[in-house]
Structure formats: structure tokens, C-alpha cells
Amino acid sequence: MYQAKAYGAASESSALAGMKIPRREVGPKDVQIEILFCGVCHSDLHQARNEWKNTMPTVYPCVPGHEIVGRVTKVGGEVTKFQAGDLAAVGCLVDADLSCPACQKDMEQFCPNGSFTYNSPDPHTGARTYGGYSDSIVVTEHFVLRVPSNLDLAGTAPLLCAGITTYSPMHHWNVGPGMKVGVVGLGGLGHMGVKFAHALGAHTVVLTTSPSKKEDALRLGADEVIISKDANEMQKHAFSFDFILDAVSAPHDINALVQLLKIDGTMTLVGAPEEPMPLAGIGLLFGRKSIAGSLIGGIKETQEMLDFCGKHNITSDVEVIPMQKINEAYARLAKSDVKYRFSIDMASLQNE
Ligand code: NAP
Ligand code: ZN
């Protein structure tokens, strides 16, 4: 074990602060990465503050961060895909049994024996996993992704969660030309959803509670923008959407969104507010509509998404911050005030 520099929360009410965390020595199948950028996901905020206490209680200290891009510093003897000096990325997954039915179908995100990048049991150390708000990480090769060489690194980091979480359901529900697709909530996930829906050729509509984001939504690739609090505007789009991706981080009225789906339309939730949201079943009956959920994506699909982004020159729109500004960033994220993802420049940890 060695000590890495990190930022984490000591309890659900404490601000994030500098700390040292244990990282394992590089084993035969391991890749050690010097972290250059780490995106700030709303899931980091949910977990640092223990907002998922009933489903995934946070164990402290908690070092968040699962949108990691960096440079390989060392590899184990059995590693074949990476060597020191390569760019590499790590998303939300760092372990899985690779043999269960989910893993066999390249859906490691549903492995019952898997570990997330932070706030999970760490089978290698016997302790907990610690995430990317750190200067280095050691990860089994299977969970390390290749980074297309043409992409800006600060804007690439958020692809590892916000990117795959919006790409995977669009892929699964066959988003493409001729479809009217809604993206609800123009935050980190939502703005990537807009870029993907547009790149896949769908008629892309943003549903936002923030009228001030309208211009940005159009610039990011939306064909239309609906202010979701305006009942008249919503009514005009009733029964017209093939697919809606709901990326909202707080409880909200999902019935108003269901009424926008056309016959056999699907609304997929990727936002993860812990509180239940009331659903009027009758809204689904009229039109044989479906509500679904989706969780990040498997490793193979994450690599496909990164390659798609390389080909189409897609990155996240980021505000780059030093690690020391993380508490301000969290306060802004809680107010939906980010354009459209914070990306931490880990060089800022050098002076800690
Ligand atoms: P974010 O950047 O904070 O964006 C959330 C957006 O939701 C806001 O920008 C805002 O958009 C909208 N919103 C916030 N509060 C709202 C409210 N009370 N009513 C209606 N709209 C509201 O968050 P994010 O990082 O994109 O994450 C979004 C959610 O997805 C989080 O819950 C996160 O934990 C979850 N998540 C899930 C997965 C998965 O695998 N399923 C992966 C990553 C994250 P407007 O200003 O446009 O209204
Ligand atoms: Zn995330």
C-alpha cells in the first residue's frame, strides 16, 4: 500500500477537505494512473451528503469521483493493453466477478459482486474504494478505458459517467433519425444527452425548469426547448415523444412528462433522487406507455461511447476548477448552476 493525496468528506455534514488515502501496490493485472482531471457528478454530491442513505448509505471518509482521466504511470506484468505514458480513463466501475450472467453480457454495472469506484467494498484492500478526487488510482486493466487522442482531456473526464449514462439508454432504445426525443434537466447528464440525441439524428427537445438555459440548449444541439413549468407549452407537445430521458436530480412531477409520450413511447429515468415520485398509473394506460430506468453502462459499451465521441468530436462543456474549489462547486451544483460539468484539474493537488 502507498498513500495518495485526496479530497473527501469525513461525515455527511462536513465540507470536503484534503486527506491521505491508501492505494494498493500495482499487482500483475493492475494499471496505476496519475489522475489529470476528474469530473464532478451530482452522484458525488448525493453520496458525500449521504442523500442515498436508504439504498446506498455512505461509509466515511468518502472520497468521491468517478469521471477519471489520466496518464498511466505503471502497469503489472500481465497487462497487455496499456503501458506507462498512455492516456487512460476510469469510470464508475472498478471491479466485478466477470463470470455472472450480467458480466457475461458485458453489463458489469449489474454484477452482484461488483465494486463502484468509491463507497464500495474494496476486495483488494479489504477496506473501501476511494474515488478520483485524488492524485492517483490503481485499477484492474479490465476496467481501464482508452481515450481517443483528439479529445480535450478536461472535457473527456465527464464522458466516463455523464457520457455513458446518457449514451447507453439512447443506444438501448434505438434513438435515431425520425424520432422525437426529450431530454429533461439540462445539467451534466442532460447536456450530454442533448449532444448524443443530436449526433444520433433524432429531433431533440430539451425540457428545462431554467429559462436562462434556452440559448445554451439550442447551441448544444436541441431543435426545440420547452420550459417544463409552463403547462400551456407542455400541453402543445402531448402524445408526441417517442423517447424521453429524465436526468433530474431532485423529485419532480413525472406524470406531466408521461403525458408527453406517444403510443408505446418510453421514458427512462437516469436521475436518482432517493425520494419516491408518485406515478399516476392511468397516465401509462392511455397509450400503452413505459417507464424504465438505466444505470451507467458496461465497460465494452463505455469504450464504444468514447470511440463514438472521438469520431464525432464530442466532449462535455466544462468549467475547470482546482480541487480547493470543490465545496463552492457542490453549492452551485445543488442550485442547478453549472455550465455544464465541473472538471477538477488535479495539478492543483500538488501543493497540498
Ligand atoms: P446536475 O448537473 O445537477 O443536473 C440536474 C438537472 O436537473 C439540473 O441542472 C436541473 O436542470 C434539473 N433539476 C434540478 N432540480 C430540479 C427540480 N427540483 N425539478 C426539476 N428539475 C430539476 O446533475 P447530474 O450530474 O446531471 O445528475 C443528474 C442525476 O442523475 C443525479 O440524481 C445523479 O445522481 C444521477 N445519475 C445517475 C446515473 C445513472 O447511472 N443512472 C449516473 C450519473 C448520475 P434544469 O435547470 O434544466 O431544469
Ligand atoms: Zn456519475
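The shown structure was predicted, so the numbers you read here are calculated from the model rather than taken from an experiment. (Residues numbered from 1 in each chain as written. Chains lettered and ligands numbered in written order. Predicted model: local features only at pLDDT ≥ 70, side-chain atom pairs only at ≥ 80, totals over all residues. Heavy atoms only, no water.)

The next point concerns the packing of aromatic side chains. Counted by the stated rule, this structure contains four aromatic pairs. For the ring pair Tyr167 and Phe196, a centre distance of 5.4 Å and an interplane angle of 70° mean the geometry is edge-to-face. Of this pair, Tyr167 sits in helix H4 (residues 162–172) while Phe196 is found in helix H5 (residues 188–199), placing the two residues 29 residues apart along the sequence. Judged on exposure class, the residue Tyr167 and its partner Phe196 are both buried. An angle of 25° between the planes, with centres 5.8 Å apart, marks the rings of Trp173 and Phe243 as stacked. Within this pair, whereas Trp173 is found in the loop between H4 and strand S9 (180–184), its partner Phe243 is found in strand S12 (residues 241–246), the two being separated by 70 residues in sequence. Each residue in the set Tyr167, Phe196 and Phe308 is aromatic and connected to the rest through ring pairs, giving one cluster. (Phe/Tyr/Trp six-rings, centres within 6.5 Å; stacked < 30°, edge-to-face > 60°. Helix = DSSP H or I, 4+ residues; strand = E, 2+ residues; numbered from the N terminus. Buried < 20%, exposed > 50% of the residue type's maximum accessible area, 1.4 Å probe, protein only.)

To continue, consider the coordination of the zinc ion (ligand 2). Taken together, the protein ligands of the zinc ion (ligand 2) are Cys41 (SG), His66 (NE2) and Cys161 (SG), with distances of 2.0 to 2.2 Å. In primary sequence terms, the donor set of the zinc ion (ligand 2) follows C-x24-H-x94-C. Pair noted here: Cys41 is in the loop between strand S3 (30–40) and helix H1 (42–48) and Cys161 is in the loop between helix H3 (153–156) and H4, with a separation of 120 residues, a long-range link. Taking the relative accessible area as the measure of exposure, Cys41 reaches 2% and is therefore buried. Cys161 gets classed as buried once you look at its relative accessible area, which sits at 4%. (Donors = N, O, S within 2.8 Å, 3.2 Å for Na, K, Ca; no water.)

This brings us to the pattern of salt bridges. Evaluated as defined, the whole model comprises 10 salt bridges. Glu67 serves as the salt-bridge partner of Arg341, at 2.8 Å between the closest nitrogen and oxygen. Residue Arg341 is found in strand S16 (residues 341–345), and its partner Glu67 is found in the loop between H1 and strand S4 (68–75); the two are separated by 274 residues along the sequence. Both residues of the pair, Arg341 and Glu67, belong to the buried class. Between Asp264 and Arg288 there is a salt bridge; the shortest N-O distance is 2.7 Å. Of this pair, Asp264 sits in strand S13 (residues 261–269) while Arg288 sits in the loop between helix H9 (282–285) and strand S14 (290–293), and the two are 24 residues apart along the sequence. Given a relative accessible area of 43%, Asp264 falls into the partly exposed group. Shared partners join several salt bridges into a network, and the residues in it are Lys195, Asp216, Arg219 and Asp317. (Salt bridge = Lys/Arg side-chain N within 4 Å of Asp/Glu carboxyl O.)

Another point: the pairing of strand S11 (residues 224–227). As paired strands, strand S10 (residues 203–208) and S11 are joined by four bridges and run parallel to one another. Counted as the bridge partner of Val205 is Glu224 from S11. In this fold, the crossover linking S10 to S11 by way of helix H6 (residues 214–220) has right-handed handedness. (Pairing = 2+ DSSP bridges. Right-handed = clockwise from strand over helix to strand, strands pointing away.)

Our focus in this paragraph is the side chain of Asp216. Relative to the helices and strands, Asp216 is located in helix H6. Residue class for Asp216 comes out buried when judged on its relative accessible area of 16%. Only 2.6 Å separates the side chain of Asp216 from the side chain of Tyr340, close enough to count as a polar contact. With near-sequence residues (within four places) excluded, Asp216 lies in contact with Lys339 and Tyr340. (Polar contact = N/O pair within 3.5 Å; in protein donor to acceptor, adjacent residues only side chain to side chain. Contact = heavy atoms within 4.5 Å.)

Let us look at the nonpolar core. Tyr133, Phe196 and Ile326 are the most contacted members of the largest nonpolar core, which has 91 residues in total. In this structure Ile326 touches Tyr7, Leu16, Val40, Tyr133, Ile321 and Ile344, once residues within four positions along its chain are discounted. Counting 16 residues, the second largest nonpolar core, distinct from the first, contains Val184, Ile226, Phe241 and Ile254. (Core = buried A, V, L, I, M, F, W, Y, C linked by side-chain atoms within 4.5 Å.)

Before going further, it helps to examine unusual backbone geometry. Most peptide bonds take the trans configuration, and most residues that are not glycine carry a negative phi. Note that the residue after Tyr60, namely Pro61, is joined by a cis bond; omega there is 0°. Within the fold, Pro61 resides in the loop between H1 and S4. Positive phi, normally seen in glycine, also occurs at Ser336, with a value near 60°. Of note, Ser336 is situated in the loop between helix H11 (326–334) and S16.

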